[in-house]
Amino acid sequence: MQPRLLVNKRRKATEIPGELLEPLQACTQGLQPWPLFISGPAGVGKTCGALCLCDCVPNSLYWTSESFVRAVRAAESGESEIRGDGGTFRLWPSEIFRQWHEATLAVLDELGARGTVTDHHYWSVKQAVDERQGKPTIYIANLGLESLVTIYDDRLVSRLGEGTVIALAGPDRRIS
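My aim in this report is to walk through the structure given alongside it, one point at a time. (Residues numbered from 1 in each chain as written. Predicted model: local features only at pLDDT ≥ 70, side-chain atom pairs only at ≥ 80, totals over all residues. Heavy atoms only, no water.)

### Description of the pattern of salt bridges
A pair can form between side chains of opposite charge whenever their charged atoms are brought close.
Moving on, step 1. Evaluation of the coordinates by the stated rule reveals five salt bridges.
Moving on, step 2. Here E102 makes a salt bridge to R98, at a shortest N to O gap of 2.5 Å. Linking E102 with R98, this pair stays in helix 4 (residues 93-102), spanning four residues, or about one helical turn.
Moving on, step 3. With a relative accessible area of 36%, R98 lands in the partly exposed category.
Moving on, step 4. In this structure, R159 and D130 form a salt bridge, with 2.9 Å as the shortest nitrogen-oxygen distance. Placement of R159 in helix 7 (residues 154-160) and of D130 in helix 5 (residues 119-131) is noted, with a sequence separation of 29 residues between them.
Moving on, step 5. The class for D130 is partly exposed, based on a relative accessible area of 31%.
Moving on, step 6. What emerges from the salt-bridge pattern is a single network uniting E95, R98 and E102. (Salt bridge = Lys/Arg side-chain N within 4 Å of Asp/Glu carboxyl O. Helix = DSSP H or I, 4+ residues; strand = E, 2+ residues; numbered from the N terminus. Buried < 20%, exposed > 50% of the residue type's maximum accessible area, 1.4 Å probe, protein only.)

### Comments concerning helix 5
Moving on, step 1. With 13 residues, helix 5 ought to run about 18 Å at 1.5 Å a step, and its terminal C-alpha atoms sit 18 Å apart, in line with that.
Moving on, step 2. All of the buried residues in helix 5 are H120, H121, Y122, S124, V125, K126, A128 and V129.
Moving on, step 3. Those residues of helix 5 that are buried are in contact with helix 3 (65-76), helix 4, strand 5 (105-109), strand 6 (137-141) and helix 7. (Expected span 1.5 Å × (residues − 1). Contact = heavy atoms within 4.5 Å.)

### Some remarks on the packing of aromatic side chains
Moving on, step 1. Evaluation of the coordinates by the stated rule reveals four aromatic pairs.
Moving on, step 2. Arranged with centres 5.4 Å apart and planes meeting at 55°, the rings of F68 and W100 form a pair that is tilted. Residue F68 is found in helix 3, and its partner W100 is found in helix 4; the two are separated by 32 residues along the sequence.
Moving on, step 3. Among the residues examined, F68 registers a relative accessible area of 0% and is labelled buried. (Phe/Tyr/Trp six-rings, centres within 6.5 Å; stacked < 30°, edge-to-face > 60°.)

### Side note on the environment of A26
Moving on, step 1. Tracing the chain through its elements places A26 in helix 1 (residues 18-28).
Moving on, step 2. Sequence separation between A26 and T164 is 138 residues; the distance between their C-alpha atoms is 9.4 Å.
Moving on, step 3. Dropping the residues within four chain positions of it, A26 is found in contact with L31 and Q32.

### A few points about the environment of G144
Moving on, step 1. Mapped onto the elements of the fold, G144 is located in the loop between strand 6 and helix 6 (145-151).
Moving on, step 2. Counting along the chain gives 105 residues from G144 to S39, while the straight-line C-alpha distance between them is 5.6 Å.

### Brief notes about helix 1
A turn of α-helix holds 3.6 residues, and therefore any two residues three or four places apart point the same way.
Moving on, step 1. Along helix 1, the residues classified as buried are L20, P23, L24, A26 and C27. All buried residues of helix 1 lie within an arc of 165° about the axis, which places them on one face of the element. Among the exposed residues of helix 1, those oriented more than 90 degrees off its buried face are G18 and E22.
Moving on, step 2. In the core, the buried residues of helix 1 are packed alongside strand 1 (36-39), helix 2 (46-56), strand 6 and strand 7 (164-167). (Arc of directions from axis to C-beta.)

This is the structure we're talking about:
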């Protein structure tokens, strides 16, 4: 299957870590609850696994938390446009959240990557998480849930961890 999202990002289903493959399969088969929260150090295969699943699921969306928040901010300030049959139209934040809500599978990667977040970042991520409650969603972070509490808060982290939680370990496969 050819990559549809982040086409320049190398990944193969055979590269998905074994300890991630089982939870991915269990969630997709309805044996484990969504969302799937994946944590672990850089390079252990978190994003690889999520993108491989996106490649198999039509109408999937992948965002990093930073790119998602930037898109919402650009839409709020009128700096985001889309082209359609009738010309160019302003993209509103509600459209970003509608697409996020309606995706068959959604992935939000790099949560807590900066160590601190602005109020706008927090609000955008919280709304994104609330929009996906009970839907197939993957959240990815290098930090575990307990560390994310200090960056976000216990309410948001509770929502991130309410489904299936997997913590990966191991060396960075990109540099080893």
